[in-house]
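The lines below spell out each chain.
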Amino acid sequence: MKKILIPVTIFLSSLSFAQGSLNIFNNSTYDLAMRVEAGNTTNCLPSVITSMNFPASTSDVINNFNDSLPYAAGWSVRLSTTGSPTNVAVPSGLLTTLSPLTRWQFCWYQTMDPVTGNTVYDTVDFNMGDPTAFPNCGWTSSPTVLGTVTHAFWFYIPSSNATYLVIDPA
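Structural notes, computed from the coordinates.

The rules behind each value
- Here the residue index of a chain counts from 1 through its sequence in written order.
- The predicted origin of the model limits local features to residues at a pLDDT of at least 70 and limits the giving and counting of side-chain atom pairs to 80 or more, whereas totals for whole chains, interfaces and linings rest on all residues.
- Only hydrogens and water are removed before side-chain values are computed, so all heavy atoms of the structure are retained for them.
- Residues enter a nonpolar core if they are buried and are Ala, Val, Leu, Ile, Met, Phe, Trp, Tyr or Cys, with the set joined through side-chain atoms within 4.5 Å.
- Only protein chains enter the area calculation, which uses a 1.4 Å probe; residues under 20% of their type maximum are buried, those over 50% are exposed, and those in between are partly exposed.
- Helical segments are the DSSP runs of H or I of at least four residues, strand segments are the runs of E of at least two, and each set is numbered from the N terminus.
- Residues are treated as being in contact if the distance between any of their heavy atoms lies within 4.5 Å.
- Aromatic pairing here means that ring centres of Phe, Tyr or Trp (its six-membered ring) are within 6.5 Å. Orientation follows from the plane angle: under 30 degrees is stacked, over 60 is edge-to-face, and everything else is tilted.
- As a reminder, the over-ring test applies to NZ of lysine and CZ of arginine, requiring each to be within 6 Å of the ring centre and within 35 degrees of the ring normal.
- Any two strands between which DSSP finds at least two bridges are classified as paired.
- Note on method: axes are straight lines fitted to C-alpha atoms, helices fitted across the in-contact stretch only, with angles between N-to-C directions ranging 0 to 180 degrees.
- In plain terms, two cysteine sulfur atoms within 2.5 Å form what is called a disulfide here.

1. Structural notes on the nonpolar core
Formed by 29 residues in total, the largest nonpolar core has its most connected members in Met34, Met52, Phe65, Leu95, Trp104 and Tyr109. The set of elements that each furnish at least two residues to this core consists of β1 (21–26), β2 (31–39), β3 (47–54), β5 (74–78), α2 (93–98), β7 (103–112), β11 (150–157) and β12 (162–169). Broken down by element, this core gets its largest block of residues, four residues, from β2. When residues no more than four places from it in sequence are discounted, the contact partners of methionine 34 are Ile24, Thr50, Ser51, Met52, Phe54, Cys107, Trp108, Tyr109 and Leu165.

Have a look at this one:
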């Protein structure tokens, strides 16, 4: 009985800390050049970060790191505070392993003109995220921002283990 109970407990524990989905709603007329990071809420590591491009007037659900195509083809993984991050292409077994250990931490974005690809000035220039979820990681973030061309908010729903980033026109 003990041999069954321990693996089941470990499995259920890993599900309670599972990454969950990242639901992005870009309701603006601007493309987004984004940096997205996930990390461990307890000790900040592992840390997994990518740059992605997200089109205007698009919404999508990214269920885990390996589900980030076509927006991101790879992720940078940091497993310790020392040493360089490892670049990992999608799909990857390492990314599958790290997903249950992390939660979506923050998103930083710039607005881009969808025709020219040029940056459009917006006052959004800080991390969107839940400032209370990662108290030991040294990141500052905000759940809302009122920019000059976009308004955005970030929130997490524990019951569905889902993180939301919503960008609306200003």
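There's plenty left to go through after this.
2. Overview of the packing of aromatic side chains
Scanning the model with the defined rule gives seven aromatic pairs in all. Ring centres of phenylalanine 25 and tyrosine 164 lie 6.3 Å apart, and the angle between their planes is 10°; this geometry places the pair in the stacked category. With a gap of 139 residues between them, phenylalanine 25 in strand β1 and tyrosine 164 in strand β12 connect regions that are remote in the sequence. Relative accessible area serves as the criterion here: at 29%, phenylalanine 25 is assigned to the partly exposed category. Taken together, a centroid distance of 4.9 Å and an interplanar angle of 10° make the contact between phenylalanine 155 and tyrosine 164 stacked. Three or more aromatic residues link up through ring pairs in this structure, and these residues are Phe25, Phe153, Phe155 and Tyr164. When the ring centre of tryptophan 108 is taken as reference, the NZ or CZ atom of arginine 35 above it lies at 4.6 Å. The side chain of arginine 103 reaches across the aromatic face of tyrosine 156, ending 3.6 Å from its centre.

3. Description of the pairing of β7
Successive side chains on a regular strand alternate, one facing one side of the sheet and the next facing the other. For β7, a buried count of nine out of ten residues is recorded, marking the element as mostly surrounded by other parts of the structure. By the bridge criterion, nine bridges tie β2 to β7 in an arrangement that is antiparallel. Bridge pairing links glycine 39 to arginine 103 in β7. Pairing analysis gives two bridges linking β7 to strand β9 (residues 128–129), with the strands arranged antiparallel. Bridge pairing in β9 places cysteine 107 opposite methionine 128. Relative to strand β8 (residues 119–120), β7 is paired through two bridges, and the arrangement is antiparallel. The residue bridging methionine 112 from the neighbouring strand is threonine 119, located in β8.

4. Concerning the sheet that holds strand β10 (residues 144–146)
One open sheet holds the five strands; their spatial order is β4-β1-β12-β11-β10, and the pairing between them is mixed. Both edges of this open sheet fall to β4 (58–62) and β10, since each of them pairs with a single strand only. This sheet shows a mean twist of 10° between the axes of neighbouring strands, independent of strand direction. Of the strand pairs in this sheet, β1 and β4 are connected by five bridges, and their pairing is antiparallel. Bridged to phenylalanine 25 within β4 is serine 59.

5. Quick word on the state of the cysteines
Counted according to the given criterion, the structure contains one disulfide. Here cysteine 44 engages in a disulfide with cysteine 137; their sulfurs sit 2.0 Å apart. Because the torsion about its S-S bond is -105°, the bridge between cysteine 44 and cysteine 137 counts as left-handed. Taken together, the residues cysteine 44 in the loop between β2 and β3 and cysteine 137 in the loop between β9 and β10 connect sequence positions 93 residues apart. Both residues of the pair, cysteine 44 and cysteine 137, count as buried.

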